[in-house]
Amino acid sequence: MTTKLLSAQKPEDLSLAAELLRRGGLVALPTETVYGLGANGLDEAAVAKIFAAKGRPQDNPLILHISQPDEMTRFCRSIPQTAWLLAEHFWPGPLTMVLPVKDTVPKRTTAGLDTVAVRCPETAATRQIIRLAGVPIAAPSANLSGKPSTTTAGHVLHDMDGKIDAIVDGGPCRVGVESTIVDLTGRRPRLLRPGGITPEMLQGLLGQLDIDKAVVAQISDDTVVHAPGMKYKHYAPAADVVIVSGSREDAAAYIRRHWQAPNAVLCFEEELPLYGGLNPTAYGRQAEPETLSAGLFAALRKLDDSAIGTIFARCPEGGGIAYAVQNRLRKSAGFHIVDAARTP
Ligand code: AMP
Ligand code: MG
């Protein structure tokens, strides 16, 4: 199949994208988080194509994207006050809520769970496409399973050319990491994946928030997890990623001791002068963590070269959006972290 390139700026392209989706096709859509690989979330056959195109494990459920908050009532069995409160504050935006599912949603979309993940994305063109399609759009990130997510139409074309009907180009994604996921089906709200809506923003509004263990540690394959996607190897280039923690100077000294061609260095812009001769790649400014989230996946993709043995990576600390960047980078490293000051 030939993958059509459409523009988020052209109304006729939005109509065509909606038509392709209504007819059971696969269309990659721009969102403020990452590009999504969309299909009609109520059409089992269309949803099956998403899993095939990505090579995605069948037990990893999809997020249902809606064009406005009240559409939740069509797909969720019960909606607590907390969900309406979060929707009011953070939708449209980079927040996904897990709620009890109605049987209007096929098992393929939810991977057989009795819950469904829903999100109303910020990108207006994509909400317009969902509205025109008249159906909720199931969409995981538009990358080959296990690879870094896509944050430009070019990334999507690289992974999906010839496998999907169309890509709607809306430019680079503003946030750059996938949505925050909060599970609202338990006694207390639980963070399943950090993202653009930060733990502090959620705590500020809800007063309480549990952090799922899959956020902070490697989960083995046989563990029951709340967000099934969290147990898979994720966001990973072909090379091994090693996070080097510690001060700028200690990290640079460690990396210089261990670097050998053709290794790579992934660092903050402020640190570039420390890595002369090692061909470093910067993914953003440490002082502006939102540039790190916007640049992380593009940098990991640039370094996705089978010739590179090891990528030595610098990782931000702390809360806010840095917490999400740290989570993705740790997962891409399989939680392999060395302390530069204490490791020879
Ligand atoms: P992706 O869009 O590729 O980031 O994948 C969607 C993420 O949402 C995966 O990590 C899924 O495990 C998670 N997810 C989707 N539906 C549910 C659900 N019903 N309960 C918990 N997590 C979910
Ligand atoms: Mg993904």
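Residues numbered from 1 in each chain as written. Chains lettered and ligands numbered in written order. Predicted model: local features only at pLDDT ≥ 70, side-chain atom pairs only at ≥ 80, totals over all residues. Heavy atoms only, no water.

**Student:** Could you give an account of the packing of helix 1 (residues 11-22) against helix 6 (residues 124-133), with specific residues and numbers?
**Tutor:** Two elements in contact, helix 1 and helix 6, have axes separated by 8 Å at closest approach and are oriented at 50°. Taken together, the axis directions place helix 1 and helix 6 in an arrangement best described as oblique. The chirality of how helix 1 crosses helix 6 is right-handed. Residues Leu14, Ser15, Ala17, Ala18, Leu21 and Arg22 of helix 1 form the contact with helix 6, whose own contacting residues are Ala125, Gln128, Ile129, Leu132 and Ala133. Looking at side-chain class alone, the contact of helix 1 with helix 6 contains 8 nonpolar, 2 polar and 1 charged residues. (Axes fitted to C-alpha atoms, helices over the stretch in contact; angles between N-to-C directions. Helix = DSSP H or I, 4+ residues; strand = E, 2+ residues; numbered from the N terminus. Parallel < 35°, antiparallel > 145°, perpendicular 65-115°, else oblique. Left-handed = near helix turned anticlockwise from the far one by under 90°. Contact = heavy atoms within 4.5 Å. Nonpolar A, V, L, I, M, F, W, Y, C, P; charged D, E, K, R; others polar.)

**Student:** How would you summarise the side chain of Arg193 if you had to cite specific residues and measurements?
**Tutor:** Tracing the backbone shows Arg193 in strand 10 (residues 190-193). Glu178 provides the closest opposite charge to the buried, unpaired Arg193, separated from it by 5.0 Å. Reaching out from Arg193, the side chain makes a polar contact with the backbone oxygen of Ser179 at a distance of 2.8 Å. (Buried < 20%, exposed > 50% of the residue type's maximum accessible area, 1.4 Å probe, protein only. Lys, Arg positive; Asp, Glu negative; His and termini not counted. Salt bridge = Lys/Arg side-chain N within 4 Å of Asp/Glu carboxyl O. Polar contact = N/O pair within 3.5 Å; in protein donor to acceptor, adjacent residues only side chain to side chain.)

**Student:** I'd love a proper account of the sheet that holds strand 15 (residues 310-313), names of residues and values included.
**Tutor:** Pairing in this open sheet of 5 strands is parallel, and the strands run 14-13-15-12-16 from one edge to the other. Each of the sheet's edge strands pairs with one partner strand only, and the pair in question is strand 14 (281-282) and strand 16 (337-339). Alignment of strand 13 (residues 264-267) against strand 15, held across 3 bridges, turns out to be parallel. Residue Leu266 lies in a different strand from strand 15, and its bridge partner there is Ala313. (Pairing = 2+ DSSP bridges.)

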